[in-house]
Amino acid sequence: MNQSILEVTNLGVKFGNVEAIKNISFNVPDGSIISLIGCNGAGKTTTLRSISGAVNRTGEIKFKGESISNLKPYQVAGKGIVHCPEGRGIFPNLTVLENLKLGTMTGHVAEEHFEKNLEECFQLFPRLHERVRQLAGTLSGGEQQMLAIARALIGEPKVLLLDEPSLGLAPQIVKLIFEIIVRINKEKKVTVLLVEQNAKQALKISDFAYVLEVGSISLSGPGKELLVNDSVRKIYLGEH
């Protein structure tokens, strides 16, 4: 695998007396797709929010060898780590185009790049092109998820943090979203750290994956190996 672009060491998060993340460590190699899978409450979303600076945490997070542990969320985004949150976080009363323009607010995207980035997003998401003047709140769930990912891409991420991109979507749209994630990784050379409850789909496209259980990493390995792991198949894939 390539050299790590993101290194997480002894990450810990507490909410009051509750230890949500218990000193976990993992690396994200440059150019890879890495997944965090696990049940509800395992700490997957908290891990992503820790990396993007949205929650207080202990331990160290390095991006390209440089510590980002003390940076605020907008500074982390400015480095090129862009978070696409669970629940999409789009602005329903703004148009598709207005939502996409907000993607330039990471601070490191030149305005003259916006049109080029927009065109590339429309190639990935033709439906958004068709609905560019439409209010985001009138889009289907799948289209809103496409908009959330496209907005993140406008910010020219080096690392894309994707939180539950398939949540609540119809199976055919889930398949399409995962195909697009692979294209983003391969064609746009964006490293992806993916949090997913759809473990089967996530493991299929992942170079490597970590299984989180109650704030700790219980298992890790290449995605294809975990797909056939008996414990993973039983607990996370619903197979016996």
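It should be emphasised that the depicted structure is a prediction, and the values quoted were computed from it without experimental measurement.

Before we go on, may I ask you to explain the overall build of the protein chain in this structure?
Looking only at helices and strands, the protein chain features 10 helices and 10 strands. Relative to the 2.2 N^0.38 estimate, which gives 18 Å for 240 residues, the radius of gyration of the protein chain is 17 Å and therefore close to what a compact globule would have. A total of 240 residues make up the protein chain; the buried ones form 49% of that total. Considering only residue pairs separated by 6 or more positions, the protein chain has 67% of its internal contacts joining residues 24 or more positions apart. Accessible area of the protein chain: about 11,300 Å², with a carbon and sulfur share of 49%. Charged side chains in the protein chain number 27 positive and 25 negative. The centres of these two groups are separated by 2 Å.

So what exactly am I meant to see when it comes to the sheet that holds strand S4 (residues 58-63) here?
Backbone hydrogen bonds are what pair the strands of a sheet, in a parallel or an antiparallel way. What the 4 strands build is an open sheet, ordered S2-S1-S4-S5; its pairing is antiparallel. With partners counted over all chains shown, the strands left at the sheet margins are strand S2 (18-29) and strand S5 (66-67), one partner each. Pairing between strand S1 (residues 4-15) and S4: 5 bridges, direction antiparallel. In the strand pairing of S4, Gly12 is matched with Thr58. Sitting on the sheet, helix H1 (residues 44-51) touches S1, S2 and S4, and the angle it makes with S1 is about 115°.

Can you help me understand helix H4 (residues 114-124) in this one?
Residue pairs three or four apart in sequence face the same way in an α-helix, which turns once every 3.6 residues. What H4 keeps buried is the set Phe114, Asn117, Leu118, Cys121, Phe122 and Leu124. Buried residues of H4 fall within an arc of 155° about the axis and therefore sit on the same side. Along H4, exposed side chains directed more than 90 degrees from the buried face belong to Glu115 and Gln123. Where H4 is buried, its residues meet helix H3 (96-101), helix H5 (126-130), helix H6 (141-154) and helix H7 (171-187).

Would you take a moment to explain the sheet that holds strand S6 (residues 81-84) for this structure?
If you walk across this open sheet you meet the 6 strands as S6-S7-S8-S3-S9-S10, and the pairing is mixed. On the outer flanks of this sheet lie S6 and strand S10 (216-221), each paired with one strand and no other. Within the sheet, the average angular offset between the axes of one strand and its neighbour, ignoring direction, is 20°. Sheet strands in contact with H1 are strand S3 (33-37), S6, strand S7 (159-163), strand S8 (191-196) and strand S9 (208-213), and its direction is about 145° off that of S8.

Thresholds, definitions, all that
Residues numbered from 1 in each chain as written. Predicted model: local features only at pLDDT ≥ 70, side-chain atom pairs only at ≥ 80, totals over all residues. Heavy atoms only, no water. Helix = DSSP H or I, 4+ residues; strand = E, 2+ residues; numbered from the N terminus. Rg over C-alpha atoms; globule rule 2.2 N^0.38 Å. Buried < 20%, exposed > 50% of the residue type's maximum accessible area, 1.4 Å probe, protein only. Contact = heavy atoms within 4.5 Å. Areas by Shrake-Rupley, 256 points an atom, 1.4 Å probe, with all protein chains shown as cover. Lys, Arg positive; Asp, Glu negative; His and termini not counted. Charge placed at Lys NZ, Arg CZ, Asp CG, Glu CD. Pairing = 2+ DSSP bridges. Axes fitted to C-alpha atoms, helices over the stretch in contact; angles between N-to-C directions. Arc of directions from axis to C-beta.

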